[in-house]
Amino acid sequence: LVFLVSRDSCLVRKKHVLARLQDALAWQALPVVQLLAPDERVCMHLIGTLFGKSSLRPGAAAGRRLCITEKLLVWVHFCPWTVSSSVKHFPSLSPLQLCKANTMRSSLPTFSLLGKLADAIPGFAEIVVVKHNNLVDHLLMGLTYPNESIKAAVCYLYGKLYSSPAGTERLSGHFEERLCVVFLNTLGSAQTKELQVNCLGLLKELLKSDHFVSILMNNAKTEEETENPDFLEGENPLPLVLKKLLLTRDEMLQAASSHCMAAVLVHSPSRYAPAFIHADVPEFLFECLLCKSEILIWSVYCCLLLLTEERLFFSKCHTVYGIESLVRSLRGVLLLNNVELHKQGLLLFTEILKRQPVEIKLFTNRGVCIEAIDVLMETVNCPVLEVAVEAVKAVAAFLRKDHVSSPPVPYEELQKLLEAVLKRCADLSPPQSSKRHAVSQKLLLRQGQFLLNTLESFRNACRLAVEFQGDFMAQENAFTAPNSESKDTLSNFSEFLLRICDSLCIPMVMSYLERAVSPSVTEVFISALSTLFTVVPSMRNKFSKKLASSSFIRLTLELKARFCSVQSNPVLNHTCSSFLCSLCLNLYSATEKTRTSSQEEQEMSELLQKGLPQLNYTIAESLLLLSETPEHIYCYCFYSNLLQCRFVPDAELFLAVRNFLLSAQDHGDCLPPHILRAALYLLAVCQDKGKALDRSLSTIRRILDNLTDLSLVYVHCPPLLKFFLCYPELMGRFGHQVLQLWFSWEDCKQTEVEESDFGSSDQLNSANPLLPILKSNSSILLILLDLVCSSSVEVAWKVLMTLRTFLERNEDVLVCDLLRSRFLQILQQLLVESTNRNLPVLLNLLFLVQLRSKGIRELDSTDFKLLHQVCNLCGKCRPRDTDLLQPSLNFLYWSLHQTTPCSQQRAVAVLLSNVSLLELLQKVLECTWLWSPPSRPASLSSEDALLCSGWLLVASLLLYQHRYNTEVHQTLSVDLKEVLNTVIFRNKKPILLLVSIMQFLRAVLRQNFSSALLVIVGQNTAPNAAQPQPSSVQDTALHPLAMQQVFLLVVSLQNLLVHKDLLLSQAVVACLETLVEHLYVKNQDVALHVASQPWHRFLLFTLLSGGQKSFLQPAVLRLMTLFVRYQSSNIISQKEISQIIQEAAEASIAELPEATSHALHLFLSQVREQ
């Protein structure tokens, strides 16, 4: 300091000292400051010396100016640590004095000094602007000087001046009138990075003011500027200047440029964005996204986000150009640990997806679309919740038809994305164990917001599926190979939506609603469910039933009552009303099947659409309104509810509906059919809990009498059937129509199998609810008989099945006489009218009534009239008329067997006097050899059943004709060889047919092949006819049988016994007994030889291999009785007889079946005789 102040020191040495001080401050500033800072006097003295205050004299002023530059250079380095001291000395030194340099180049230290002072001293810029505002003129000159270092220093100082509020206010006019054009020109032509950075710094400060932004963006060229070739082209040069900086490869300049763009756009995107868009700036911003700089990427994200608010940004297709860069940028930033950058990128992606016009396809390349889905998948699964929230919002915006419709549509990838979103939301929900514990309000709100975004994604996916239904190209994957299936189909995607809704979406929402109820969440959720009705049309009714059974109707009504009263939440009210309307119509169509006309459906839809938005009441309030006012909408709404779920007490609802009907009648209202149908249904389902209808019954009848067709109000359900049939007043008037409708809607297949499927009476009554009603009121049977004759064949068969089940299950109901007399009238009527479409049904029912009469009784005149009518009917039929002949022959057979001998003799005479009947029986018997056997031997076709009935009836006629010696008007002929071959070789004949033929064979054997009714082919009775000669003595004795036929028949019967079929075993043993008896009469030796065959013992062992007490079987006992009778000791020994007697002694005779007791009695009697 002494050396600098000394007058004796030469200028060169002072410059050298200043240079050394400058170096010390530049390279070792901290030790120098630590040396000077403790003593404030030293610091102030140094500063004063540097400014020349200590030795300024008039005569020496010229010499001192030569070194002021060096002193300033030193002070520039020293001033950051001497701020408080320099402020005291600056007012005494005018900046103009400092700037009175010989050249502009020598002013550079001064500008640097002022910039450093403004940077270091908080109030320095404001002092310069307020007290030395004429400094800006000198600065403006420096900005036009062709030296970029000076320009950089000036721009830096300008930036500091405009950063202060006073500078912004006082220098506003200076900028608008003089600085703006020069500054833009300087920024546009800047070559050095220092100038570019300082210009951008000044621009950043200017852009904080809306006024300066308006000046910069609206600056137009003047005539003088037009002549200047250095001035940038374009009406708004700032976007072009910033665009030029984007073209540099300097990421810092690119970041600063994009930051300045964002600073402009933030003031008014709609006002300033077009200038940047017309300058094609967005293209270069998207290109910058491929860099690695987080700062640059953030700045570009911010700038592009502001540009998305201008529609021109999309119409110029900048998003189409840059979407690939954006997607790749998002994938790249996911590798960085910068959550805010992730969120900002997803926010930009979301806005682009939302605002992209429909007519401009964003993803023109399917590969980019798939890559975008992958990026969204990664961000959805991001562990940072804030990032996942933004990702779900992006997914909701992404699920648009124009975004993913590039063929082939990536349905499989969309499924994975949507499933990831729903699972992430489900993971965010608290576990089941923590539901009862209190959850913080902040966490609950966060979960609700995430759930809302998730539901919006799901709803958009559902809408996407519905929109694709009208696009043929989107339904199937056009690139699938022929004859191969692809999972990328609309149907698979639609079914996935239904499954994921059931498994994830609905449980997740219901879990949230247990803890909080949000109108926005419920609105989106209900809207998504409404859309799902049309996603898979074939599953609409099933989905509706499941929703209704899960109390969704009640939930929706409660939401409307809670949030939509007093015309609040109109959007939620509209959504809930639309959902209820669709759900009710779907439930109705599912219940009524195809009966509803389009006009009626339209009326119901209009009624629901009009009334549901007003239905914003609680359940109790709705019941009250239903009782007091004839509001149709409430009745129909409750009807739809009760189709699947019962949340209203039956007694209260019954009373409300009854009052509703009375009120409608009192007001003279003509209820629409669908409303009346709903009211009747509600009364029916609630009748057990409700009170008596009293005078309401007459009101209901008057209302129903006004209907043109009862089917308009019919609902196929057991309660309604019971409602009409349990009230005599309603049954007498509408019983026939209701039963007709019941059987028209009833499932015929279920009716046919219900007897075999349901063992207990309770199960059967639940399957066929008409049965308990029939038991309590047997007069309904007459109505059913009318239905048999007046209805279609299908309905008649259903009535038949119901009557059959009723007769078989209710033996204590005596209705046979009533039915039999009614059958005669119906049969005569049908035969006179020549309408036989229901004759098979009637004949079947007639046979069933015979089965119901298990006792032996005399045939009266009605029975013989029926017998005569059925015989005549059979005579008019052909063998192929199995539907008529089968029940008719069964009826004739049972008429012969279930009566007394006197009536039996008359019945046989009636049958044998009918020649046409006997001719028909002849044709039926011949069909046994003509019809081809069925593919399955065990099956019994209608033709085989007819053959069984024919053979059994002929066997009975042979027996009774012989017994009563009835006159024969027509004989039957049978080929004995064919009959024997059928039993011997079987030839795939059903078991029942074999049993029937064996019954016929027994009848023939008992009559010794001699009957007035039957002619055996080969046994010609003509006088001169040549008889075939027997081949042996045994054949002569057994004629018309041959010895070989006898042995073959016995072997065949033995083989049939091995089947251990109960019916077949009894028939075989009976046939074997009759055969041996016949042989014993013809030739005792042959009979004993047949009875003593060794194979019989092996057969007996086979039959006894069934287990314990095998001897006590009817077939075994009768077979052993046969062996004992004919003294076949080699077949059955005394030991085995003793064993049978012992087992019989140990068994309880009372517990044995009747057939077993009878067989045991015969065996013991035979043993005693022996």
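Our structure's up above, just so we're on the same page.
Structure report, in brief. (Residues numbered from 1 in each chain as written. Predicted model: local features only at pLDDT ≥ 70, side-chain atom pairs only at ≥ 80, totals over all residues. Heavy atoms only, no water.)

Before going further, it helps to examine the overall build of the protein chain. Counting secondary structure elements, the protein chain contains 65 helices and 2 strands. Across the 1170 residues that make up the protein chain, the buried fraction comes to 53%. Of all intrachain contacts in the protein chain linking residues separated by at least 6 positions in sequence, the fraction that spans at least 24 positions is 75%. (Helix = DSSP H or I, 4+ residues; strand = E, 2+ residues; numbered from the N terminus. Buried < 20%, exposed > 50% of the residue type's maximum accessible area, 1.4 Å probe, protein only. Contact = heavy atoms within 4.5 Å.)

Attention shifts here to unusual backbone geometry. Omega for the bond connecting H1039 with P1040 falls within 30 degrees of zero, at 15°, which places this linkage in the cis form. Along the polypeptide, P1040 turns up in the loop between α58 (1033-1038) and α59 (1043-1057).

Let us look at the pattern of salt bridges. Counted under the stated rule, the structure contains 21 salt bridges. Among the salt bridges present, the one from E359 reaches R311, with a minimum N-O distance of 3.1 Å. Remark: R311 occurs in the loop between α21 (294-307) and α22 (312-315) and E359 occurs in the loop between α24 (339-355) and α25 (366-380); sequence separation between them is 48 residues. Across the pair, exposure class does not vary: E359 and R311 are exposed alike. Among the salt bridges present, the one from R1118 reaches E1073, with a minimum N-O distance of 2.8 Å. Residue R1118 is found in helix α63 (residues 1114-1125), and its partner E1073 is found in helix α60 (residues 1062-1082); the two are separated by 45 residues along the sequence. Taken together, the salt bridges that share partners define one network made up of R331, E371 and E378. (Salt bridge = Lys/Arg side-chain N within 4 Å of Asp/Glu carboxyl O.)

Further remarks concern the pairing of strand β1 (residues 972-975). Only one face of β1 is buried: it carries L972 and V974, and the other face, with S973 and D975, is open. Where β1 meets strand β2 (residues 1014-1017), 4 bridges bridge the pair, whose relative direction is parallel. Each residue of the ladder has a partner; that of D975, found in β2, is V1017. (Pairing = 2+ DSSP bridges.)

Bringing the packing of α21 against α24 into the picture now. Two elements in contact, α21 and α24, have axes separated by 9 Å at closest approach and are oriented at 30°. Comparing their axes, α24 and α21 come out roughly parallel. Helix-helix and strand crossings are classified by hand; for α21 and α24 the assignment is left-handed. Between α21 and α24, the contacting residues are E294, I297, W298, Y301, C302, L304 and L305 on the first element and E340, L341, Q344, G345, L347, L348 and E351 on the second. In terms of residue class, the contact of α21 with α24 is made up of 9 nonpolar, 2 polar and 3 charged. (Axes fitted to C-alpha atoms, helices over the stretch in contact; angles between N-to-C directions. Parallel < 35°, antiparallel > 145°, perpendicular 65-115°, else oblique. Left-handed = near helix turned anticlockwise from the far one by under 90°. Nonpolar A, V, L, I, M, F, W, Y, C, P; charged D, E, K, R; others polar.)

For α60, spanning 21 residues, the distance from its first C-alpha to its last is 30 Å, which sits close to the expected 30 Å at 1.5 Å a residue. Two or three places before L1063, at the opening of α60, D1061 has a side-chain oxygen 3.3 Å from that residue's backbone nitrogen. (Expected span 1.5 Å × (residues − 1). Polar contact = N/O pair within 3.5 Å; in protein donor to acceptor, adjacent residues only side chain to side chain.)

Let us now look at the nonpolar core. The biggest cluster of nonpolar side chains holds 187 residues, and the ones touching the most others in it are F349, F398, F458 and L497. For this core, the element with the highest residue contribution is helix α31 (residues 490-513), accounting for 14 residues. When sequence neighbours within four positions are dropped, the list of residues in contact with F458 reads L418, L422, L497, I500, C501, C505, A528 and L532. (Core = buried A, V, L, I, M, F, W, Y, C linked by side-chain atoms within 4.5 Å.)

A few words now on the environment of K243. Mapped onto the elements of the fold, K243 is located in helix α17 (residues 237-247). Accessibility expressed as a relative area gives 19% for K243, which makes it buried. For the pair K243 and A279, spaced 36 residues apart in sequence, the C-alpha separation works out to 7.8 Å.

Quick look at the packing of aromatic side chains now. Taken as a whole and judged by the stated rule, the model has 22 aromatic pairs. Considering the side-chain rings of Y162 and F175, the 6.2 Å spacing of their centres and the 75° angle between planes classify their relative orientation as edge-to-face. Taken together, the residues span a long stretch of sequence, with Y162 in helix α11 (residues 148-162) and F175 in helix α13 (residues 172-189) at a distance of 13 residues. Take Y162 and F175: they sit in the same class, and that class is buried. For the pair F363 and F398, a centre-to-centre distance of 5.7 Å together with 75° between the ring planes defines the contact as edge-to-face. Here F363, found in the loop between α24 and α25, pairs with F398, found in helix α26 (residues 385-398); they are 35 residues apart in sequence, far enough to count as distant. F363 gets classed as buried once you look at its relative accessible area, which sits at 1%. Taken together, the ring pairs connect Y158, Y162, F175 and F212 into an aromatic cluster. A cation sits over an aromatic face here: R906 above F864, 4.0 Å from the ring centre. (Phe/Tyr/Trp six-rings, centres within 6.5 Å; stacked < 30°, edge-to-face > 60°. Lys NZ or Arg CZ within 6 Å of the ring centre and 35° of its normal.)

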